[in-house]
Amino acid sequence: MKPAAFDYVRAESVEEALAVLRAEGSDARILAGGMSFMAMLNMRLARPKVLVDIMRVAPLARMDEEKGALKIGAGVRQARLLASDGLAQAAPLIAKALPFTGHAQTRSRGTVCGSVAHADPSAELPLCLVTLKGHVHLKSAKASRKVAAEDFFTGMMATAKADDEMIEAVSFPTAKGEGTAFREIARRHGDFAIVACAALVSEKGIRLGVGGVADMPVARDFPLLDGTALDDALNAFAWELDARDDVHATARYRRELVRRIGRATIEEAKRCRA
């Protein structure tokens, strides 16, 4: 199939992009990398009247480390972030998760903020953002606001972004000595995960994020458990996620992956911290 007809605006500034969003509301959509959105257009799952291309807006291509966070602009491609100097030191969980995000070809075009905006529950970057307690920076023609990742994702490919807002940037807290690990199970490397797990381990406890099971990425905090106590906590978490059967896996299989991959990811993060 081919997309339904739409108008195309190549924005030269953030202000121009926001003016279009303000005028057109839900009929306008932001276009950045387009790796997922173009497929939705082709299948006519999305039918915007106006596409606003922001990839030539220079300020959106910035990456800055400020106030204990790595702030990634809406124009930063995934491949550029992965290749950036010091990523493994500043944000080791992101460095470990990015190689699982699509393929080299899609990472060279897809953006970090685009993945967050698309809000696929199996995607790696939204999962890391929630696990790290990151933030999404939203901007409209009237105001700017910062939303915690756990409040930004509201359901299956649904977010708290208003129709007249765009994601200006996302911010990931920088490392503070935690052990980190990321693992996922997919049909092929680069496919969306059947189950993905991201773990942080510090002296305060364990934080485990899970993607691909609920209709959004979910993270929970646990004490520094081990043995049967950790197994029991993971089992309770697996049931809490309310997994469902689909064409890729059964709910029972997903729960078992949360138990097994979750434990393996936590143990790896413990070793990393040690």
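One can find the structure itself at the top, above this paragraph.
Since we're looking at a predicted model, the values are computed, not measured.

Turning our eyes to something else, we now look at the overall build of the chain. In terms of regular secondary structure, the chain is built from eleven helices and 14 strands. In summary, the chain has a C-alpha radius of gyration of 19 Å against a globular reference of 19 Å for 274 residues, a match within 12%. When its C-alpha atoms are laid out on the principal axes, the chain stretches across 60 × 40 × 30 Å. Total accessible area on the chain is roughly 13100 Å²; 50% of this is exposed by carbon and sulfur atoms. With 39 positive and 35 negative side-chain charges, the chain shows a spacing of 2 Å between the two charge centroids.

Before going further, it helps to examine unusual backbone geometry. Not every positive phi belongs to a glycine, and R44 is a case in point at roughly 60°. The residue R44 is located in the loop between helix 2 (37-42) and strand 3 (50-53) in this model. Residue R44 is classed as partly exposed on the basis of its relative accessible area of 33%. Despite not being glycine, D242 shows a phi value in the positive range, around 55°. Mapped onto the fold, D242 is located in the loop between helix 10 (227-240) and helix 11 (251-273). Owing to a relative accessible area of 47%, D242 belongs among the partly exposed residues under this scheme.

So, on to the sheet that holds strand 13 (residues 205-211). Sheet architecture is open: four strands sit in the order 11-12-13-14, paired in antiparallel fashion. Strand pairing shows two members of the sheet lacking a second neighbour, strand 11 (179-185) and strand 14 (218-222), which therefore form its edges. With direction set aside, neighbouring strand axes in the sheet form an average angle of 15°. In this sheet, strand 14 lies alongside strand 13 in antiparallel orientation, the contact comprising five bridges. If you follow G209 over to strand 14, its bridge partner there is A219. Sheet strands in contact with helix 8 (residues 124-131) are strand 11, strand 12 (195-202), strand 13 and strand 14, and its direction is about 155° off that of strand 13.

A few words now on the environment of A23. The topology assignment puts A23 in helix 1 (residues 14-24). On a C-alpha basis, the gap between A23 and D164 in space is 8.2 Å, while along the polypeptide they are 141 residues apart.

Here T111 lies in the loop between helix 6 (104-107) and helix 7 (112-118). At 2.9 Å, the side chain of T111 forms a polar contact with the backbone nitrogen of G114. Sequence-distant contacts of T111, that is, excluding residues within four places in its chain, are made with A32, G33, M55, A74, G75, V76, R77 and Q78.

A word on the layout of surface pockets. Of the volumes computed, that of the largest pocket is approximately 1000 Å³. Sorting the residues of the lining of the largest pocket by element identifies strand 2 (28-31), helix 2, helix 7, strand 9 (158-159) and strand 10 (166-173) as the ones contributing at least two each. No other element matches the five residues that helix 7 contributes to the lining of the largest pocket. Partitioned by chemical class, the residues of the lining of the largest pocket number 19 nonpolar, 17 polar and seven charged.

Turning our eyes to something else, we now look at the packing of helix 10 against helix 11. The contact between helix 10 and helix 11 brings their axes to 9 Å, and the two run at 135°. Put simply, helix 10 runs oblique to helix 11. Note that helix 10 runs across helix 11; the crossing there is right-handed. Packed against helix 10, whose contacting residues are G227, L230, D231, L234, N235, A238 and W239, the element helix 11 presents R255, V258, R259, G262, R263, I266 and E267 at the interface. Residue composition of the contact of helix 10 with helix 11, by class: six nonpolar, three polar and five charged.

Cut-offs and rules
- Residues numbered from 1 in each chain as written.
- Predicted model: local features only at pLDDT ≥ 70, side-chain atom pairs only at ≥ 80, totals over all residues.
- Heavy atoms only, no water.
- Helix = DSSP H or I, 4+ residues; strand = E, 2+ residues; numbered from the N terminus.
- Rg over C-alpha atoms; globule rule 2.2 N^0.38 Å.
- Areas by Shrake-Rupley, 256 points an atom, 1.4 Å probe, with all protein chains shown as cover.
- Lys, Arg positive; Asp, Glu negative; His and termini not counted.
- Charge placed at Lys NZ, Arg CZ, Asp CG, Glu CD.
- Buried < 20%, exposed > 50% of the residue type's maximum accessible area, 1.4 Å probe, protein only.
- Pairing = 2+ DSSP bridges.
- Axes fitted to C-alpha atoms, helices over the stretch in contact; angles between N-to-C directions.
- Contact = heavy atoms within 4.5 Å.
- Polar contact = N/O pair within 3.5 Å; in protein donor to acceptor, adjacent residues only side chain to side chain.
- 1 Å grid on protein atoms, 1.4 Å probe; cavity = no way out; pocket = protein on both sides within 12 Å on 5 of 7 lines; lining within 4 Å.
- Points joined across faces, edges and corners; volume = space filled by probe spheres on them.
- Nonpolar A, V, L, I, M, F, W, Y, C, P; charged D, E, K, R; others polar.
- Parallel < 35°, antiparallel > 145°, perpendicular 65-115°, else oblique.
- Left-handed = near helix turned anticlockwise from the far one by under 90°.

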